[in-house]
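Spelled out, the chains give:
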Amino acid sequence: MKKIPRIYCASIATETNTFSPLRTDLKNFEETFYVKPNKHPKTPTLCSAIFPILRKRKKKGEIKLVEGTATWAEPGGLINSKTWNYLKNEILSEVKKGGKLDIVILGLHGAMISDNCIDCEGDLIKSIRNILGPKVIIGVTFDPHSHLSKKCEDNANIITVFKEFPHTDFVETAEDCIDLSIKTFDKIIKPQISTFDVKMITILPTTKEPMRSFVDKIKNLEKNNTALSISIIHGFMAGDSPDLGAKIITITDNNKKKGDKISSQLGMELFSLRKYLAPKTFSAHTSLIKAKKLCQKNKKPILIADIWDNPGGGVAGDSTILIKKAMSMNLKKIALGSIWDPVAVNICHAAGEKAIINLRFGGKISSMAGSPVNKQVLVKKIVKNAFQKFGTSLVPLGDSACISFDGIEVVLNSNRSQTFSTDLFTKLGINISNKKILIIKSTNHFFHSFFPHVSNIIYASVNGIYPNNPKKNNYSKLKRRIWPIVKKPHTKLNGKNMKITIKI
Ligand SMILES: [Zn+2]
């Protein structure tokens, strides 16, 4: 009779911007998403999609399931040691109490750094390995904006990573991880992990070329069984980590040599595309001038993405630089979503809808994110515990308010969140089709929701608080040579690696 595996699952995730003036503690996890064992909601969140998928397998009688803690904090600054120790020990004690486990499935992010641990995920996976021994299968999902460490590689059997940016495939990534882990348990496959250090850091949206075709190619390689799984770590430039940068992960069925070749060939191909991967960006001023011109010719609004004041990258998300510039240019019919300002939200809620108040909002966390805006505003709408959708996931905005002044509408929220979807505006009573310009704060996760509603997308690179230039970031933990800090990081290897001839 076929043995049914006993599986433990848990998810601890956040993305740490080590340059951020913010700090992360347990309250930030609780505020965004924190559920005790067996309390995970039916809908998946980005890194905890493993839970609903494993429940389906359990329902079919394919597995026995021990559910652990699941938590996610909006990306922010360094986690304090007390919080990291607490969360890690919570998972480890659940593992110890979990009975005889065959498989552990972890939904992690991969860019979590605390003030006492530079590699939280590596530390967690290794600690679980130490408790359970070498025979238990450990499957892990990561976000591509992460740092892949040797500890992770050495202690996990399966690693799968979201291929898409925006991360629309988080459910599929979890399914792949679980599927491969169970196949390993059933002895159908013998996974071998091969990685390659691409030695570069940039941003790699998959909504544009050449990254679109590169990801499609990788998906085809999986489909035609060239490898069991191929993933790309993009890296996260705001995390000062020794493992910073892009990496390729190939999992083969017991063929390390082939996996090494696939990883290095794909890695060098990605490196050759490095100058074309990031979207073209414009300064705050140029972005607004362009939008002003374009909106005269188009019926649909123009979208300006403030790609660096993105709370999803660990900054506060309260920059006023773009909105102040728009005000100084006397632009009308603009909506901005959102500015994180819990104090201003409280004042709006206390004043109530239709109140006209003098409000100071935004620009409070850093002197590099513009100064606060002082305006007499109409409190147009207030919403308690607002949410926005990201795929099937619900993202909390906390109590929120829409304020209106001088032909401009601004969403203020109290839970930090990047702009994922148009419902951030519509739930706050803003009709986006009536607007000429929409300003949002996100690097690329906004794309699929907004694309049908706008005529143009302008990526604004506003120099502010985010460390957006790797050459100037003064990383202290990064010791490897990576592009664009170093022009030719592969010099020594080039001759050898470029000659790889495996047909993929
Ligand atoms: Zn990401």
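The following refers to the structure shown. Here the structure is a predicted model, which means the values were calculated and not measured.

1. Things to note about the pattern of salt bridges
Right, so step 1: Taken as a whole, this structure holds 25 salt bridges when the rule is applied.
Right, so step 2: Where E164 meets K219, a salt bridge forms, and the shortest distance between an N and an O atom there is 2.6 Å. Highlighted residues: E164 in the loop between β6 (158–161) and α6 (170–185) and K219 in helix α7 (residues 211–223), separated in sequence by 55 residues.
Right, so step 3: A salt bridge links D260 to K256; its shortest N-O distance comes to 3.0 Å. One end of the pair is D260 and the other is K256, both in helix α8 (residues 256–272) and 4 residues apart, which spans about a single turn.

2. Concerning the coordination of the zinc ion
Right, so step 1: For the zinc ion, the protein coordination sphere consists of D143 (OD), D143 (OD), H145 (ND1) and H167 (NE2), at 2.1 to 2.6 Å.
Right, so step 2: Given 4 donor atoms and angles of 53 to 148° at the metal, the environment of the zinc ion is assigned as irregular.

3. As for the nonpolar core
Right, so step 1: Counting residues in hydrophobic clusters, the biggest one holds 68 residues, and the most contacted among them are L54, I105, L106, L124, I125, I128 and F142.
Right, so step 2: Considering each element in turn, this core owes the most residues, 7 residues, to α6.

4. Some remarks on the environment of N157
Right, so step 1: Tracing the backbone shows N157 in the loop between α5 (150–155) and β6.
Right, so step 2: When the C-alpha positions of N157 and V140 are compared, they lie 8.2 Å apart, and in sequence the two are 17 residues distant.
Right, so step 3: Excluding its chain neighbours within four sequence positions, the residues that come into contact with N157 are R129, V136, I137, I138, P191 and I193.
Right, so step 4: In this structure the side chain of N157 is engaged in a polar contact, spanning 2.8 Å, whose partner is the side chain of R129.
Right, so step 5: A polar contact is formed between the side chain of N157 and the backbone nitrogen of I138, at a distance of 2.8 Å.

5. Here's the deal with the packing of aromatic side chains
Right, so step 1: Under the defined criterion, the tally for this structure stands at 10 aromatic pairs.
Right, so step 2: Between F170 and F390, the ring centres sit 6.2 Å apart and the planes meet at 20°, which makes this aromatic pair stacked. Placement of the pair is F170 in helix α6 and F390 in strand β14 (residues 373–390), with a sequence separation of 220 residues.
Right, so step 3: On the basis of relative accessible area, F390 is assigned to the buried category, the value being 7%.
Right, so step 4: Plain terms: the ring middles of F447 and F451 are 5.1 Å apart, the flat faces sit at 20° to each other, and that makes the pair stacked.
Right, so step 5: The class of F451 is partly exposed, set by a relative accessible area of 49%.
Right, so step 6: The rings of F425, F446, F447, F450, F451 and Y459 are connected pair by pair, giving a single aromatic cluster.
Right, so step 7: Over the face of the ring belonging to F271 we find R274, whose NZ or CZ atom lies 4.1 Å from the ring centre.
Right, so step 8: The side chain of R416 reaches across the aromatic face of W340, ending 5.8 Å from its centre.

What counts, and where the lines are drawn
- Residues numbered from 1 in each chain as written.
- Predicted model: local features only at pLDDT ≥ 70, side-chain atom pairs only at ≥ 80, totals over all residues.
- Heavy atoms only, no water.
- Salt bridge = Lys/Arg side-chain N within 4 Å of Asp/Glu carboxyl O.
- Helix = DSSP H or I, 4+ residues; strand = E, 2+ residues; numbered from the N terminus.
- Donors = N, O, S within 2.8 Å, 3.2 Å for Na, K, Ca; no water.
- Tetrahedral: all angles 85-135°; square planar, octahedral: opposite > 155°, others 65-115°.
- Core = buried A, V, L, I, M, F, W, Y, C linked by side-chain atoms within 4.5 Å.
- Buried < 20%, exposed > 50% of the residue type's maximum accessible area, 1.4 Å probe, protein only.
- Contact = heavy atoms within 4.5 Å.
- Polar contact = N/O pair within 3.5 Å; in protein donor to acceptor, adjacent residues only side chain to side chain.
- Phe/Tyr/Trp six-rings, centres within 6.5 Å; stacked < 30°, edge-to-face > 60°.
- Lys NZ or Arg CZ within 6 Å of the ring centre and 35° of its normal.

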